[in-house]
Amino acid sequence: MFRIQKTKTIFIIALMAILVLTVSGCSQSGPKSGSEQTSLKPQLELVKEISMGNLAEDKIPDVTADRWSFGVQPNKPIVSPDGKHVLVVGEEKMTFIDTTTGKDLWSKVTYGGIDSYLVDNNRIYMAEKYGNKKAKEHGYIICLDSKTGNELWKYDVQSDLGPIVTANMPAATVPRTSCSIKIVLQNGNVYATGGTSWSVKNDQFKAEVLLCIDQNGKRVWKTESVGLPGLISMSSLRFLDGKLIMGNYSYGGNISGPASVNAFDAYTGKLAWKYEMPNDPSLASSEVTNVAIEVVGDKVVAVTHFGKAVVLDENGKQITEFIAFKPEQNPNYTLYTSVYGTSLIAGKDEIIICPGATEVKGASDVKVDVQHSDANSVMVFSLNGELKWKFRLGGQVTGSMVKDKYLILSTMHNANTLNYSYCGVYVFDLTQKTANENIDMSDKSALDKYIGFYKTDGAVLFNCLDASEDGKLICVTTTPTRTGVDKYGKNSLYVLKLN
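These lines cover the structure that appears in this document, whether it is placed above or below. Since we're looking at a predicted model, the values are computed, not measured.

## Some details on the overall build of the protein
Of regular secondary structure, the protein possesses four helices and 39 strands. Within the protein, buried positions represent 57% of all 499 residues. The long-range fraction of contacts in the protein, counting pairs at least 24 apart against all pairs at least 6 apart in sequence, stands at 54%.

## Regarding the pairing of strand β5 (residues 104-109)
Where strand β4 (residues 93-98) lies against β5, five bridges are found, and the strand directions are antiparallel. Counted as the bridge partner of F96 is W106 from β5. The hairpin formed by β4 and β5 contains five residues between the paired strands, and G102 there has a positive phi angle of roughly 80 degrees.

## A few points about unusual backbone geometry
Here L228 and P229 are connected by a cis peptide whose omega angle stands at 10 degrees. By secondary structure assignment, the location of P229 is in the loop between β14 (219-226) and β15 (238-240). Even without a glycine there, the phi angle at N463 is positive, about 60 degrees. Tracing the backbone shows N463 in the loop between β34 (450-455) and β35 (465-467).

## A word on the nonpolar core
Counting residues in hydrophobic clusters, the biggest one holds 25 residues, and the most contacted among them are L44, I408, V425, V427 and I474. Those elements giving two or more residues to this core turn out to be β32 (406-411), β33 (424-429), β34, β35, β36 (473-478) and β39 (492-498). Ranked by residue count, the leading element in this core is β39, at three residues. Leaving out residues up to four positions away in the same chain, I474 has contacts with L44, I408, V425, V427, L465, D466, A467, Y494, V495 and L496. Core analysis: the next-biggest nonpolar cluster, separate from the first, contains 22 residues, C143, L161, M169 and A207 among them.

## Notes on the sheet that holds β5
Read across the sheet, four strands follow the order β2-β3-β4-β5 without closing on themselves; strand pairing throughout is antiparallel. Each end of this open sheet is capped by a strand with a single partner; those strands are β2 (76-79) and β5. Here the average twist between neighbouring strands, direction ignored, is 15 degrees.

## Focus on the pairing of strand β29 (residues 377-382)
Taking burial as the measure, the six residues of β29 include six buried ones, the bulk of the element. The alternating pattern of β29 places S377, M379 and F381 and V378, V380 and S382 on opposite faces, both of which are buried. As paired strands, strand β27 (residues 350-353) and β29 are joined by four bridges and run antiparallel to one another. Opposite I353, over in β29, you have M379 as the bridge partner. Sheet analysis places β29 next to strand β30 (residues 387-392), joined by five bridges and oriented antiparallel.

## Let's talk about the pattern of salt bridges
In total, this model carries 17 salt bridges according to the counting rule given. When the shortest N-O distance is used, the salt bridge between E49 and K490 registers 3.4 Å. Separated by 441 residues along the polypeptide, E49 in strand β1 (residues 44-51) and K490 in the loop between β38 (486-488) and β39 bring together distant segments of the chain. The class of K490 is partly exposed, set by a relative accessible area of 38%. Note that D429 is salt-bridged to K405, the shortest N-O span being 3.8 Å. Highlighted residues: D429 in strand β33 and K405 in the loop between β31 (397-403) and β32, separated in sequence by 24 residues.

## Observations concerning the sheet that holds strand β9 (residues 140-145)
Read across the sheet, four strands follow the order β6-β7-β9-β10 without closing on themselves; strand pairing throughout is antiparallel. Strand pairing shows two members of the sheet lacking a second neighbour, β6 (114-120) and β10 (151-156), which therefore form its edges. The sheet shows a mean angle of 15 degrees between the axes of neighbouring strands, taken without regard to direction. The pairing of strand β7 (residues 123-128) with β9 spans five bridges and is classified as antiparallel. When the bridges of β9 are listed, R123 appears paired with D145.

## A closer look at the packing of aromatic side chains
Under the defined criterion, the tally for this structure stands at 12 aromatic pairs. Consider the rings of W198 and F205, whose centres lie 6.2 Å apart with planes at 15 degrees: the pair is stacked. Owing to a relative accessible area of 2%, W198 belongs among the buried residues under this scheme. By relative accessible area, F205 is classed as partly exposed at 35%. Ring geometry for W389 versus F428: centroids 5.3 Å apart, planes at 35 degrees, classification tilted. Within this pair, whereas W389 is found in strand β30, its partner F428 is found in strand β33, the two being separated by 39 residues in sequence. Exposure class is identical for W389 and F428. Each is buried. The ring centre of Y140 lies 4.3 Å from the NZ or CZ of K154, which sits over that ring.

## Quick notes on the side chain of S343
Looking at the element boundaries, S343 is found in the loop between β25 (334-336) and β26 (344-346). Looking at S343, the relative accessible area reads 8%, which means it is buried. Sequence-distant contacts of S343, defined by excluding residues within four places in its chain, comprise I352, I353, C354, V397 and S400.

So, how was this worked out
- Residues numbered from 1 in each chain as written.
- Predicted model: local features only at pLDDT ≥ 70, side-chain atom pairs only at ≥ 80, totals over all residues.
- Heavy atoms only, no water.
- Helix = DSSP H or I, 4+ residues; strand = E, 2+ residues; numbered from the N terminus.
- Buried < 20%, exposed > 50% of the residue type's maximum accessible area, 1.4 Å probe, protein only.
- Contact = heavy atoms within 4.5 Å.
- Pairing = 2+ DSSP bridges.
- Core = buried A, V, L, I, M, F, W, Y, C linked by side-chain atoms within 4.5 Å.
- Axes fitted to C-alpha atoms, helices over the stretch in contact; angles between N-to-C directions.
- Salt bridge = Lys/Arg side-chain N within 4 Å of Asp/Glu carboxyl O.
- Phe/Tyr/Trp six-rings, centres within 6.5 Å; stacked < 30°, edge-to-face > 60°.
- Lys NZ or Arg CZ within 6 Å of the ring centre and 35° of its normal.

Take it as geometry only, folks, not as evidence of what the structure does.
Structure below.
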């Protein structure tokens, strides 16, 4: 397949490397020949593959449909810090599994779909999944004892959010999303955002709350927001210097004002500082701007979905900015790619960006026979904007994390070509030095950063990746999907280890 090339960087490495792995029959543990075998150690090894049961036909999503992942409830793994156990949370039940033996230690009925989750010492915190085009009566954050699965407490975010929605959303309006919750832990407290969105004709609206909940499940403070840009987008929530930081989104500066990075005092919930990130028509395919953030050391890195990055200090003052990727022109189309919250990862002194599928301006349903040269890749930048290295993954990143020195990524199919060959887990060693960004495939040392790729049977959907604190034990779940009548993949849990 033809790909647009940049003159500055050679992008041969990724797809060729993956094809070599697949064609040679070594896709699960890396190449087997001579020097490459030495270069790629340690490698990924399968410990257990555990069936999560059969999925009903009407539950298998069609990836060719618009917004196909909305409403899908895959199994999600939560790995204990020591890697000895994994809790797999599904739509109907949750199961606590010994990762060595694969045996179930306990199983309980799930609360009705879990979206986000956190592990802290002997506690598991889970947030219920949002309502997709339907109102939720309740939206709980649940705290469990990880050893027994017993509920310690639960907090209903709808008790705070519901009255704000009722006061602002017209009667009989069906929400687009209802009570979408994100959670983060800091100093024993749970910090949460809850949001409900709706539309009236072509106008978009949103109501949100930002909450601090103590370790006993009692609310400490609440901050309310009505309208856009609002509190948060698909961004992560991060802490720096006693402040809770997040990015939001705008449907257009002339409609709701520019998107921004917002920092809130972690002790009071009051806005501490704000940094605006307006749309850039030279980079964006529309007036929409979605901002994601990460904290790297004592700095905040904010990236718009169209690739403009800014580095801020702890007080929200700009240090520098750079462009991670740009639109590319071919004779028939202008090609774009994008990056959102789960595809922005903090390294020790670097920022990792994983652009997604190729997009065409004004035509999201157009299938093109060329791809943006940065689409479906992992790109590592220094904080001054220097591209340190890049690897073409082939499939879209659905989960990402840095554990110890390892960058761990999960992927699903290629959304443009519908190729499932790239589904699985990739691991990179962030401590390996790179001389420059020009990678020569003929040099075996080009793959030294790349530890390995484990090919799963089917797509790893969003947020279905977790790992132990040292990165040596990795769990992903796969979910069956289809393209029309063709089905792909199993409903399975994969337990992997780094040798």
